[in-house]
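Here's the letter readout for the chains.
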Amino acid sequence: MDISERAPLQSTGPKIWEASNQNGQTLGQVILAQVAEGSADIDISGLEFDFVRSIRVWDVRYYSHRERGRDDDCSESYNMRLGTYGTQGEFGWQRTTPAAVPQWVLPSRRCSSSNWRRGVGVEWEDHEGNHGYEWVAY
């Protein structure tokens, strides 16, 4: 039996998919058409899309913790933000502090003459719950 002789698959998708499949398009064609029009409105609020909301982007514009002055005083200065995804995949930035970042972003907050960092880190949890991250210094 070749592919053209197979019986059509029964629709098991959500009602919105069943309604949009009335004209015989595949799911991929419907999504591609919506993306091309700039109106892809797909509900990703379910638990199966938690991996999207687990993505965090750590943008460390600069971090410095150095000795200042004659009395060995320490000065910590920074400009950092955290990017996260919302319920429907909307992305947003918020300011953050060194105390809020994971250790892989700032391995040391000790006062020293060479404690300086700049870069972007991305962390995530995959669909099986495995944690991962990547740091790119620049």
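The coordinates are above.
These numbers were taken from a predicted model, which means no experiment stands behind them.

What am I meant to see in a negative patch on the surface here?
Where like charges cluster on the molecular surface, the negative patch consists of Glu67, Asp71, Asp72 and Asp73. Along the chain, Asp71 turns up in the loop between strand E1 (56-68) and strand E2 (73-85).

Looking at this structure, I do not really get the side chain of Glu123. What am I missing?
Mapped onto the elements of the fold, Glu123 is located in strand E4 (residues 116-125). For the buried residue Glu123, which engages in no salt bridge, the nearest side chain bearing the opposite charge is Arg56, 4.7 Å off. Within the structure, the side chain of Glu123 is placed 2.9 Å from the side chain of Trp58, a separation counted as a polar contact. At 2.7 Å, the side chain of Glu123 and the side chain of His131 are in polar contact.

Is there a simple way to explain the state of the cysteines in this structure?
Here, the word disulfide means a covalent bond between the sulfur atoms of two cysteines. Under the defined criterion, the tally for this structure stands at one disulfide. Between Cys74 and Cys111 runs a disulfide, and the two sulfur atoms are separated by 1.9 Å. Between Cys74 and Cys111, the S-S torsion sits near -105°, and that sign places the bridge as left-handed. Within this pair, whereas Cys74 is found in strand E2, its partner Cys111 is found in the loop between strand E3 (91-95) and E4, the two being separated by 37 residues in sequence. Residue Cys74 is classed as partly exposed on the basis of its relative accessible area of 43%.

Which parts of the structure should I look at to understand the packing of aromatic side chains?
Note on aromatic pairs: each is described by the distance of the centres and the angle between the planes. Across all of its chains, the model carries four aromatic pairs by this definition. An angle of 15° between the planes, with centres 4.4 Å apart, marks the rings of Trp104 and Tyr133 as stacked. Residue Trp104 is located in the loop between E3 and E4, and its partner Tyr133 is located in strand E5 (residues 131-137); the two are separated by 29 residues in the primary sequence. The buried category is assigned to Trp104, whose relative accessible area is 14%. Using a relative accessible area of 43% as the deciding quantity, one classes Tyr133 as partly exposed. An aromatic cluster is defined as three or more aromatic residues linked by ring pairs; in this entry it consists of Tyr85, Phe91 and Trp93.

Calculation criteria
Residues numbered from 1 in each chain as written. Predicted model: local features only at pLDDT ≥ 70, side-chain atom pairs only at ≥ 80, totals over all residues. Heavy atoms only, no water. Patch = residues over 30% accessible without salt bridge, like charges linked within 9 Å, V, L, I, M, F, W, Y side chains within 5 Å. Areas by Shrake-Rupley, 256 points an atom, 1.4 Å probe, with all protein chains shown as cover. Salt bridge = Lys/Arg side-chain N within 4 Å of Asp/Glu carboxyl O. Lys, Arg positive; Asp, Glu negative; His and termini not counted. Charge placed at Lys NZ, Arg CZ, Asp CG, Glu CD. Helix = DSSP H or I, 4+ residues; strand = E, 2+ residues; numbered from the N terminus. Buried < 20%, exposed > 50% of the residue type's maximum accessible area, 1.4 Å probe, protein only. Polar contact = N/O pair within 3.5 Å; in protein donor to acceptor, adjacent residues only side chain to side chain. Disulfide = S-S within 2.5 Å. Phe/Tyr/Trp six-rings, centres within 6.5 Å; stacked < 30°, edge-to-face > 60°.

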